[in-house]
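Fold and contact review
One letter stands for each residue in the lines below.
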Amino acid sequence: MRLLLFLFGLLASVPVSARPLVAIVDSGISRTPQLANVLVGEYDMAGKRPLYHPRYDHGTMVATILNREAQGAVDIVSIRIDDAAGCPSDRSPPCQPSSRPIVAAIDKAVSLGVDAINLSLALADDPAITDAVRRASDKGIIVVMAAGNDGRNHPDNTAMARAGFPRAVLVGATDEAGNPWTGSNRPDADDYLYVWRRGVDVPTISATGQRVFGTGTSFAAPIETARRVLAKTHEMAALAGTH
């Protein structure tokens, strides 16, 4: 039962629901009209900033894609990890130079009992994050990670995918026709899970509610997250004889 979220020292009630819960570890999410009914809370692992007022569009764009793919059937908790100092000019948000907020975000998601964690982040294999992914997967949580946008034949986060196997998966980006995007890091082994989802010119909504398009594995990942969560929900319902 999900009764309470602890938000910046305040208790906020969350309705009891059988709906799946997904944690989006990202730059924070704006409470746009498209997300108002599914965004149930936000935690800030890298500061104490106002709720639902992100500095960057990234998290809202990811959440909007996930919500659309899930047809509004999942609840979302935002776990914000972007650096309060902002991103350097040569980095794309969300950026976070330390692994600590990301580890704390994954562990927070586990403590909330989420069904899945979406990590649309540029993640290099880090022992602490790898261990956090392992802990989440050991609890039965789906962990979906962007494969990265460097156009290489080796994703940087394969150790995390292996640590969370078979519940962790890397996601590469395709265009609308299903052709692999040249910027996507591609799989190089068969001992971790890797899938392709559309990640080129994906329609979504910015933090200010404007229609925009996203390109990158960040925007392919939430499509896979939604599909896996819905599949898990349908499977559990079938086992319970309710579907």
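Here's a quick rundown of the structure.

Quick notes on the rules
Residues numbered from 1 in each chain as written. Predicted model: local features only at pLDDT ≥ 70, side-chain atom pairs only at ≥ 80, totals over all residues. Heavy atoms only, no water. Helix = DSSP H or I, 4+ residues; strand = E, 2+ residues; numbered from the N terminus. Buried < 20%, exposed > 50% of the residue type's maximum accessible area, 1.4 Å probe, protein only. Contact = heavy atoms within 4.5 Å. Salt bridge = Lys/Arg side-chain N within 4 Å of Asp/Glu carboxyl O. Axes fitted to C-alpha atoms, helices over the stretch in contact; angles between N-to-C directions. Parallel < 35°, antiparallel > 145°, perpendicular 65-115°, else oblique.

The residue Ala36 is located in the loop between strand S3 (21-26) and strand S4 (39-44) in this model. Take Ala36: its relative accessible area is 31%, and that puts it in the partly exposed class. Taking the C-alpha atoms as reference points, Ala36 and Arg227, separated by 191 residues in sequence, lie 21 Å from one another.

Turning our attention to the environment of Ala132. With respect to the element layout, Ala132 can be found in helix H3 (residues 127-138). Linking Ala132 and Asp107, residues 25 residues apart in sequence, is a C-alpha distance of 6.6 Å. Aside from chain neighbours lying at most four places away, what touches Ala132 is Val103, Ile106 and Asp107.

Moving on, we get to the pattern of salt bridges. All told, the structure shown has 14 salt bridges when counted by the stated rule. Arg49 is the partner of Asp82 in a salt bridge, and the nearest nitrogen-oxygen pair spans 3.4 Å. One end of the pair, Asp82, is in the loop between strand S5 (75-80) and helix H2 (100-111); the other, Arg49, is in the loop between S4 and helix H1 (58-69), and 33 residues separate them in sequence. Residue classification places Asp82 among the buried residues on the basis of a relative accessible area of 0%. Residue Arg162 pairs with Asp191 through a salt bridge whose shortest N-O separation is 2.8 Å. Taken together, the residues Arg162 in helix H4 (residues 158-163) and Asp191 in the loop between strand S8 (168-174) and strand S9 (194-198) connect sequence positions 29 residues apart. Overlapping salt bridges bring together Asp44, Arg49, Arg80 and Asp82 as one network.

Viewed as axis vectors pointing N to C, H2 and H3 meet at an angle of 5 degrees, and their least axial separation amounts to 9 Å. In terms of their interaxial angle, H2 and H3 are classed as roughly parallel. Mapping the contact onto sequence places Ile102, Val103, Ile106, Asp107 and Val110 in H2 and Ala128, Ile129, Ala132, Val133, Arg135 and Ala136 in H3.

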